[in-house]
Amino acid sequence: MKIVGFETANGARLGIVEGDNVIDLQAVDPSLPADLGAVLRAYNGDLTPLADIAKKAPASAKRPLAGLKFTLPVTKPGKIICLGLNYLDHVKEGPQKDNIPKFQSIFFRMLSSLTPHLTPLMRPKKSIQLDYEGELVVIIGKRGKHLTLENACDIVAGYAVGNEGSVREYQRHTTQWGMGKNFDLTGSVGPWMVTADELPRGAKGLKIQTRLNGNVMQSANTDMFMFPVAESLVYLSEGMTLEPGDILFTGTPSGVGHARKPEPVWMKAGDVAEVEIEGIGILRNPIEDEK
């Protein structure tokens, strides 16, 4: 299933994408929570009830996908965890090129730093160095602690597309990346969540591509992860309990703007950034300057 969050005149909704249409699940069952994280918590990661609701949907519960006002796939994630330096070719194009990581580089984002599909990314007043980072996003469906390689992917509800936009100037101010990763509305997640059963286990072997104004800037495959999804979840769960609705950005491949030669390429007002992941979809955001 493709599960999408969207806004209507009557408030937030969850839907299931079917072709060019969306089934409005709240139109069938008004008691259903409008946040995917809340649904995952209520059903312990089991999304069968959503499929059952969709089967009961009358024609009046369907609306066109075109013109939908998207929300984040999980509107209120408990944790937004980010994995840096997960593609060797990206490590080699950056300041850590002589320090190949032995462990996952973990940092966190705030909800205020993210925006949905088709909503603008904001280039901040204080820096022109807004960089794109196309990434696979993992959405947690079940509670997990002390996971193993064998069971780690069992807690995954599904996957989405991410643009983990970074303000490089502020990211480089110190060895801690948090400031440069948390400017308001500089990253995005969407357009929906594809349930884990629709994709290879651990989302292995998926093509990922980032385009800026139609030009291919990043092109890779999730098989190139140094720390695959299962390994990352095992590592995280050694210290923190993963909860339904948590999300994990899994790192970006080479080709980012700061490493471009002869000059860096930064996202600017009027640009359009797209990240496409095989089997999931295309996340598209125009760029605007902060007012």
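Rules and cut-offs
- Residues numbered from 1 in each chain as written.
- Predicted model: local features only at pLDDT ≥ 70, side-chain atom pairs only at ≥ 80, totals over all residues.
- Heavy atoms only, no water.
- Helix = DSSP H or I, 4+ residues; strand = E, 2+ residues; numbered from the N terminus.
- Rg over C-alpha atoms; globule rule 2.2 N^0.38 Å.
- Buried < 20%, exposed > 50% of the residue type's maximum accessible area, 1.4 Å probe, protein only.
- Contact = heavy atoms within 4.5 Å.
- Areas by Shrake-Rupley, 256 points an atom, 1.4 Å probe, with all protein chains shown as cover.
- Lys, Arg positive; Asp, Glu negative; His and termini not counted.
- Charge placed at Lys NZ, Arg CZ, Asp CG, Glu CD.
- Polar contact = N/O pair within 3.5 Å; in protein donor to acceptor, adjacent residues only side chain to side chain.
- Arc of directions from axis to C-beta.

**Q** I tried to follow the overall build of the chain on my own but got confused; where do I start?
**A** Looking only at helices and strands, one finds 6 helices and 19 strands in the chain. Relative to the 2.2 N^0.38 estimate, which gives 19 Å for 291 residues, the radius of gyration of the chain is 18 Å and therefore close to what a compact globule would have. Along the three orthogonal principal directions, the C-alpha set of the chain runs to about 55 × 45 × 30 Å. Relative to its full complement of 291 residues, the chain shows a buried share of 55%. Put simply, of all contacts in the chain between residues at least 6 apart along the chain, 76% involve residues at least 24 apart. Carbon and sulfur atoms make up 52% of the accessible area of the chain, which amounts to about 12600 Å² in all. Between the mean site of the 32 positive side-chain charges and the mean site of the 34 negative ones, the chain shows a separation of 2 Å.

**Q** How should I be thinking about the environment of Asp 89 in this particular structure?
**A** Looking at the secondary structure, you find Asp 89 in helix α4 (residues 88-92). For the pair formed by Asp 89 and Pro 191, sequence separation is 102 residues and the distance between their alpha carbons is 27 Å. Among residues more than four places away in sequence, those in contact with Asp 89 are Met 224, Pro 253 and Ser 254. At 3.0 Å, the side chain of Asp 89 forms a polar contact with the side chain of Ser 254.

**Q** Explain helix α3 (residues 48-55) here, please?
**A** Since there are 3.6 residues in each turn of an α-helix, residues three or four apart along the chain are aligned in direction. Listing the buried residues of α3 in full gives Pro 49, Leu 50, Ile 53 and Ala 54. Seen from one end, α3 has its buried residues packed into an arc of 140°, which puts them on one side. Looking at the packing, one finds that the buried side of α3 touches β1 (2-8), β2 (11-18), β3 (21-24), α1 (25-28) and α2 (36-42).

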